[in-house]
Amino acid sequence: MSRFTTDLINGIEPYIPGEQPRDKRYIKLNTNENPFYTSPSAMAKISESALQNLNRYSDPECTELTKSIADYYGMETANVLVTNGSDEALAFAFYAYCKNGVCFPDVTYGFYEVIANLFGCPMERIVLQNDFTVNCENYYNKGKTVVLANPNAQTGIELSLSKIEQIIKNNRNNIVIIDQAYADFGSSNAISLINKYDNIVVINTFSKSRSLAGARVGYVIANENLICDLKKVKNSFHPYNVNSLSSALAAEAIRDESYFKRSVQCVKDGRAQLSKGLLELGFRVLPSSANFVLAEHYVMRGEVLYKKLKMHGILVRHFKDERISNFIRITIGTESEIAELLKVINEIIAEKDNENC
């Protein structure tokens, strides 16, 4: 660090993204990307004329994309704000609503703690139950902003819509942020509660189910007054926040419903294939509604397995958080990638068994 930074910056532990190595070709199952390509009709939107217009600023309102999102969910455009990935949406929401405090689970998306520290938001980590589920009553009447990823990162476990509604009902005087990065792979979507409650902010992304991680497009759906709050933050920080090409890609991707449904179903099928295979190999697998699973083996530490898989050309994610340090998180890949992963894990376990003989 330089001698010019503040104590705040010096004290921050930044978010550590998943590895994006360039040294060799890996089976990449570590950053929860969609293994299936972006919608072909979306890619067709990137025409020569679109490229020629890059000398102009992008539309600050993302008009076409905002309308596409609103139409898809049966909302008004006034209920939608498009952002540069869902992390930017989270940043806007934390800045607007978390200065007086924020709470979230002790095992969840690590960006929440980082951005709370960056903005000086007092935070409370609420311990998940022994089975890694959320006890909803722990989030009632908090007097501070509640943030929940649903399905939860890093567990993949999903809260039902009725439980989310109970948390919202019991926090009528503060905001509840529902981060739905993985919701399309589950069965619970809180967008249906937007017109019923004025204290819910739902954040979504095109990175996962729409296969646009590299385009960096997220969005917020909320009460019109809350969107006005967040637009004020956005326009004070990053008015032209989404580039023209990403906006065009996303607008078409959300319209291509048939491709979206096929892609999501393939991920769900892969999740079932992976979970079954891991259970047969002696793993404990948490019940996931996301595009990844969190699993631990009874004879091999998570970090050891992560390193051995990397040596075999397969990337998964390992976290040092005490409660999940024995686990590895595995993104759902293609059918052949999952088969290769299970084959290699079986070989690693066999080697371990032979060492113990």
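Cut-offs used in this document
- Residues numbered from 1 in each chain as written.
- Predicted model: local features only at pLDDT ≥ 70, side-chain atom pairs only at ≥ 80, totals over all residues.
- Heavy atoms only, no water.
- Core = buried A, V, L, I, M, F, W, Y, C linked by side-chain atoms within 4.5 Å.
- Buried < 20%, exposed > 50% of the residue type's maximum accessible area, 1.4 Å probe, protein only.
- Contact = heavy atoms within 4.5 Å.
- Helix = DSSP H or I, 4+ residues; strand = E, 2+ residues; numbered from the N terminus.
- Phe/Tyr/Trp six-rings, centres within 6.5 Å; stacked < 30°, edge-to-face > 60°.
- Lys NZ or Arg CZ within 6 Å of the ring centre and 35° of its normal.
- Pairing = 2+ DSSP bridges.
- Axes fitted to C-alpha atoms, helices over the stretch in contact; angles between N-to-C directions.
- Parallel < 35°, antiparallel > 145°, perpendicular 65-115°, else oblique.
- Expected span 1.5 Å × (residues − 1).
- Arc of directions from axis to C-beta.
- Polar contact = N/O pair within 3.5 Å; in protein donor to acceptor, adjacent residues only side chain to side chain.

Draft legend 1. Geometry of the nonpolar core. One finds Phe94, Val201, Leu278 and Leu309 to be the most contacted residues of the largest nonpolar core, which totals 64 residues. The contacts of Leu309, once residues within four sequence positions are left out, are Ile314, Val316, Ile328, Leu341, Val344, Ile345 and Ile348. Residues Val134, Val242, Ala251 and Phe319 belong to the second largest nonpolar core, which totals 50 residues.

Draft legend 2. Expanded view of unusual backbone geometry. Of note, the bond from Asn150 into Pro151 is cis; its omega dihedral lies within 30 degrees of zero at -5°. Residue position: Pro151 is located in the loop between strand 5 (145-149) and helix 7 (161-169). Geometrically, the link from Ala153 to Gln154 is a cis peptide bond, its omega value of 20° lying close to zero. For Gln154, the location among the structural elements is in the loop between strand 5 and helix 7. Although it is not a glycine, Ser211 adopts a positive phi angle of roughly 60°. The exposure class of Ser211 is buried, given its relative accessible area of 11%.

Draft legend 3. Examining helix 4 (residues 63-73) more closely. Among all positions in helix 4, only Leu65, Thr66, Ser68, Ile69, Ala70 and Tyr73 are buried. Elements in contact with the buried residues of helix 4: strand 2 (80-83), strand 7 (200-205), strand 8 (218-222) and helix 9 (244-253). A positive backbone phi angle near 70° is found at Gly74, which sits one or two residues after helix 4.

Draft legend 4. The packing of aromatic side chains, seen in detail. Tallied over the entire structure, the rule returns twelve aromatic pairs. Between Tyr72 and Tyr73, the aromatic rings sit 4.9 Å apart at their centres with planes inclined by 90°, giving edge-to-face as the arrangement. Exposure remark for Tyr72: the relative accessible area of 30% places this residue in the partly exposed category. Among the aromatic residues, those joined into a ring-pair cluster are Phe94, Phe104, Tyr109, Phe111 and Tyr112. Here Arg210 stacks its cationic end above the ring of Tyr72, 4.9 Å away from the centre of that ring. Against the face of Phe260 rests Arg210, its NZ or CZ located 3.6 Å from the ring centre.

Draft legend 5. Representation of the sheet that holds strand 8 within the structure. The seven strands lie next to each other as 2-8-7-6-5-3-4, forming an open sheet whose pairing is mixed. On the outer flanks of this sheet lie strand 2 and strand 4 (123-126), each paired with one strand and no other. For this sheet, the mean angle separating the axes of adjacent strands, direction not counted, is 20°. Bridge count between strand 3 (residues 102-105) and strand 4: four bridges; the pairing is parallel. Within the sheet, the bridge partner assigned to Pro105 lies in strand 4 and is Ile126. Here helix 5 (residues 85-97) sits on the sheet and contacts strand 2, strand 3, strand 5, strand 6 (176-179), strand 7 and strand 8; the angle it forms with strand 7, its principal contact strand, is near 160°. The strands that helix 8 (residues 224-237) touches are strand 2, strand 7 and strand 8; relative to strand 2, the one it contacts most, it runs at about 30°.

Draft legend 6. Focus on the environment of Val344. Tracing the chain through its elements places Val344 in helix 12 (residues 335-356). As for Val344 and Leu309, which are separated by 35 residues in sequence, their C-alpha atoms are 7.5 Å apart. Ignoring any residue separated from it by four or fewer positions in sequence, one finds Val344 in contact with Leu309, His312 and Ile314.

Draft legend 7. Structural detail: the side chain of Ser247. Relative to the assigned elements, Ser247 resides in helix 9. Among the residues examined, Ser247 registers a relative accessible area of 12% and is labelled buried. In this view, Ser247 contacts Cys62, Leu65 and Val242; residues no more than four positions away in its chain are not counted.

Draft legend 8. Geometry of the packing of helix 5 against helix 8. Running from N to C, helix 5 and helix 8 cross one another at 105°; their axes reach a closest spacing of 9 Å. As judged from the angle between their axes, helix 5 and helix 8 are roughly perpendicular. Residues Glu88, Phe92, Ala93, Tyr95, Ala96 and Tyr97 of helix 5 form the contact with helix 8, whose own contacting residues are Leu226, Asp229, Leu230, Val233, Lys234 and Phe237.

Draft legend 9. Here's a closer look at helix 8. When the terminal C-alpha atoms of helix 8 are compared, their 20 Å separation across 14 residues agrees well with the 20 Å that a helix rising 1.5 Å per residue should span. Buried within helix 8 we find Leu226, Ile227, Leu230, Val233 and Lys234. Projected onto a plane normal to the axis of helix 8, the buried residues spread over an arc of 120° and lie on a single side. In helix 8, the exposed positions angled more than 90 degrees off the buried face are occupied by Asn225, Lys232 and Ser236. Buried residues along helix 8 sit against strand 2, helix 5, strand 7 and strand 8. Near the N-terminus of helix 8, the side chain that reaches the backbone nitrogen of Asn225, with its oxygen 2.7 Å away, is that of Asn223.

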